[in-house]
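Survey of secondary and tertiary structure
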Amino acid sequence: MSSLSRRRFLEQSMFTTAAALAIQAQRAQATEPVQQPPSIGPNDTIQVAVIGAGGRGQSHIDGFAGKSGSVVTHICDCDERAGQRSCDKAAEKQGGKKPVWVKDVRKLLEDKSINAVSIATPNHWHSLGAIWAIQAGKDVYVEKPVSHNVLEGRRVVQAARKHQRMVQTGTQSRSNPGMREAMEFVHSGGIGDVLISRGLCYKRRNSIGPKGTYDVPKEVDYDLWSGPARILPMTRKNFHYDWHWQWEYGNGDLGNQGIHQMDLCRWALGEDRLSERVLSFGGRLGYEDAGETANTQVVVHDYGKRKLIFEVRGLPTPDYKGANVGIIVEGTKGYLVMTSYASGTAFDLDGKPIKQFTGGGDDRHYKNFTDAMRNRDYRTLNADIEQGHLSSALCHLGNISLRLGNQIPGAEVAGAIASQGGGDSVVETWKRTAEHLGENSIKDYSIWMGRSLALDPIAETFVGNDAPNHWLTREYRAPYSLPSEQAV
Ligand SMILES: NC(=O)c1ccc[n+]([C@@H]2O[C@H](COP(=O)([O-])OP(=O)(O)OC[C@H]3O[C@@H](n4cnc5c(N)ncnc54)[C@H](O)[C@@H]3O)[C@@H](O)[C@H]2O)c1
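We now turn to the structure provided with this report. (Residues numbered from 1 in each chain as written. Predicted model: local features only at pLDDT ≥ 70, side-chain atom pairs only at ≥ 80, totals over all residues.)

Focus on the overall build of the chain
Selection rule: Numbering of helices and strands runs from the N terminus, with a helix taken as a DSSP run of H or I at least four residues long and a strand as a DSSP run of E at least two residues long. C-alpha atoms define the radius of gyration, and 2.2 Å times the number of residues to the power 0.38 defines the globule rule. Around each residue's C-beta, the other C-beta atoms within 10 Å are counted; 20 or more make the residue buried, 12 or fewer make it exposed, and counts in between make it partly exposed. All C-beta atoms are placed from the backbone. C-beta atoms are placed from the backbone for every residue, and two residues are taken to be in contact when these atoms lie within 7 Å.
If you tally the helices and strands in the chain, you get 13 helices and 18 strands. Computed over the C-alpha atoms, the radius of gyration of the chain is 22 Å, within 12% of the 23 Å expected from 2.2 N^0.38 for a compact globule of 488 residues. When the backbone C-alpha atoms are referred to their principal axes, the chain occupies close to 60 × 55 × 50 Å. Across the 488 residues of the chain, 49% fall into the buried class. Partitioning the intrachain contacts of the chain with sequence separation of at least 6 by distance along the chain shows that 73% fall at a separation of at least 24.

Observations regarding the environment of isoleucine 196
Position of isoleucine 196 among the secondary structure elements: in strand 7 (residues 194-202). With 14 residues separating them in the primary sequence, isoleucine 196 and proline 210 have C-alpha atoms 39 Å apart. In contact with isoleucine 196, other than residues within four places in its own chain, are Arg306, Lys307, Ile309, Glu330 and Ser425.

Quick word on the site of the ligand
Rules: Whether a residue is near a molecule or strand depends on its C-beta atom, generated from backbone atoms, being within 6 Å of that molecule or strand. Residue classes follow a fixed rule: Ala, Val, Leu, Ile, Met, Phe, Trp, Tyr, Cys and Pro count as nonpolar, while Asp, Glu, Lys and Arg count as charged, and any other residue, Gly among them, counts as polar.
Lining the immediate environment of the ligand, one finds 28 residues, of which Gly52, Gly54, Gly55, Arg56 and Asp79 sit closest. Elements supplying a minimum of two residues to the shell around the ligand: helix 2 (55-64) and helix 8 (222-226). Looking at the shell around the ligand element by element, the count peaks at 3 residues for helix 2. When grouped by side-chain class, the residues that make up the shell around the ligand number 12 nonpolar, 11 polar and 5 charged.

Considering the pairing of strand 14 (residues 353-357)
To keep things clear, this is the line we draw: When DSSP finds at least two bridges between two strands, those strands are taken to pair.
Strand direction decides the pairing type here: strand 13 (residues 344-348) and strand 14, joined by 4 bridges, are antiparallel. In the sheet register, alanine 346 faces strand 14, and the bridge partner there is lysine 355. With antiparallel pairing between neighbouring strands as the criterion, strand 13 and strand 14 make up a hairpin whose turn holds 4 residues, including glycine 351 at a positive phi of roughly 85°.

Let's talk about the sheet that holds strand 2 (residues 70-76)
What counts is decided by this rule: Structural elements are reduced to axes, namely lines fitted to C-alpha atoms, with helices fitted over the stretch in contact, and the angle between N-to-C directions of any two is expressed from 0 to 180 degrees.
Here we have 6 strands laid out as an open sheet, ordered 3-2-1-4-5-6, and parallel in their pairing. Among the strands making up the open sheet, the edge pair consists of strand 3 (100-102) and strand 6 (167-169). This sheet shows a mean twist of 25° between the axes of neighbouring strands, independent of strand direction. Pairing between strand 5 (residues 139-142) and strand 6: 3 bridges, direction parallel. Among the inter-strand pairings, tyrosine 141 is bridged to a residue of strand 6, identified as glutamine 168. Contacts from helix 2 reach strand 1 (46-51), strand 2 and strand 4 (116-119) within the one sheet, and its direction differs from that of strand 1 by about 175°. Packing against the sheet, helix 3 (residues 80-93) makes contact with strand 2 and strand 3, and its axis sits at approximately 165° to strand 2.

Describing helix 2
Definition in use: Picture the helix axis, draw a direction to every C-beta atom, and the arc is the one those directions span.
Of all the positions in helix 2, only Gly57, His60, Ile61, Gly63 and Phe64 are classed as buried. Relative to the axis of helix 2, the buried residues are bounded by an arc of 160° and lie together on one face. One or two positions beyond helix 2, positive phi appears at glycine 66, with a value near 75°.

Printed below as a string of structure tokens:
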């Protein structure tokens with residue numbers, strides 16, 4: 001070993017050990033009873049501020065406006081038009097009580113009357129917004145993915161525990177009775193031992209238009225919108241929503257739709273940790289546009305002998321085993337297909353249905369949050385931030401593997417998977433993906449063949465020589481900096 005690689009190895013080991021000890025200590029603490037005296041009485045109205053009043057922000061307003069003993073008192077959006085419009089809509093929903101619009105989240109958090117914030121901004125703001133709110137003494141409902149990178153997600157968990165705040169992740173499937181029953185069925189051996197947990201995000205995604213130079217809408221404070229990200233020229237046509245497909249702000253469909261199913265896949269496996277190895281491959285195929293993220297992607301997480309295999313397809317595709325946006329959990333005695341956030345069927349190995357699951361509705365998830373706000377026990381949250389962080393991190397790790405890869409011809413992918421130790425189930429998943437590309441008349445294409453990366457699932461770092469740990473975080477643009485673990 002050269003002295004440079006020896007030094008890197010030692011630095012890496014020290015980093016990994018320190019990180020593992022810190023996370024283990026935090027988890028040990030987390031198993032202690034955490035009941036605190038309620039700060040909100042059973043009959044007190046919970047005052048909620050919604051941060052980010054775009055598409056999803058409207059559902060947050062719906063979820064809290066006059067429901068579960070809560071009222072929306074503030075709406076924070078750095079787009080004045082979105083903020084003002086949403087205040088009017090909220091007033092209609094809560095008997096004329098019109099929330100106050102606030103442009104800057106820092107100003108909002110100074111208001112002591114606010115008990116909880118509900119964050120539906122773009123992904124690159126989730127963790128920082130949540131940490132600032134926690135530090136300001138608010139409970140937090142934060143949309144999925146809870147982070148834009150692995151490290152900041154863990155930091156939110158640390159902040160939540162330190163300041164004893166309730167932090168719910170916006171993975172609403174976790175509150176659906178149908179989904180909860182299905183998971184209990186799997187965990188109690190209903191389909192035998194789980195071997196593979198498959199996630200499907202087959203969702204049509206069209207081109208977002210050519211990369212160009214576009215104006216930021218005049219109502220938007222672009223410095224605030226960009227936050228921890230760099231201030232870049234606008235290269236996409238639609239200012240809102242389409243940031244999902246640019247790495248600076250979004251995490252592709254893994255972090256958009258896919259995180260819901262990634263979370264369910266991990267839940268089905270019963271794993272409360274990251275995986276031991278990740279590999280991803282795919283590409284943005286079928287069109288060239290301002291988007292950068294993959295519209296066709298496979299991610300494989302190894303949990304010892306069990307695998308989590310995730311597929312993203314943005315081009316037209318038929319269902320797989322009756323599902324398109326869902327999960328398929330394969331066991332030694334049968335398999336479970338969940339075709340929505342709440343319903344699905346378990347089958348035996350001959351394909352005969354053995355049990356059906358149904359029942360859901362988003363309001364349950366908001367109510368579970370407000371209930372926890374009153375009882376002050378984070379273990380009663382159906383999607384506590386620890387769970388949100390782990391599942392979000394699995395998405396980020398897939399993207400890191402992909403982005404560290406090389407472009408190779410489609411014809412060489414099966415061989416490359418085998419040489420990386422991918423195994424038959426992964427080669428089979430690729431073969432179906434290749435057929436799907438053929439059905440979309442995509443020929444002579446290249447695939448980003450990602451790097452197979454070993455992980456310490458507890459320390460939440462990559463391990464080995466040249467472990468790309470700097471990919472676990474980002475450069476933050478001051479003053480929108482991520483606090484250190486000590487300062488969180
Ligand atoms: N749980 C679900 O089922 C679900 C569904 C849809 C979206 N989402 C999540 O919700 C989030 C928002 O998605 P969307 O489709 O509404 O996006 P969007 O782009 O339509 O809306 C985001 C809003 O946040 C505002 N914003 C940006 N930075 C802000 C800041 N610093 N302070 C205040 N406001 C700020 C924007 O101006 C915009 O109005 C995403 O992270 C997405 O993953 C979750």
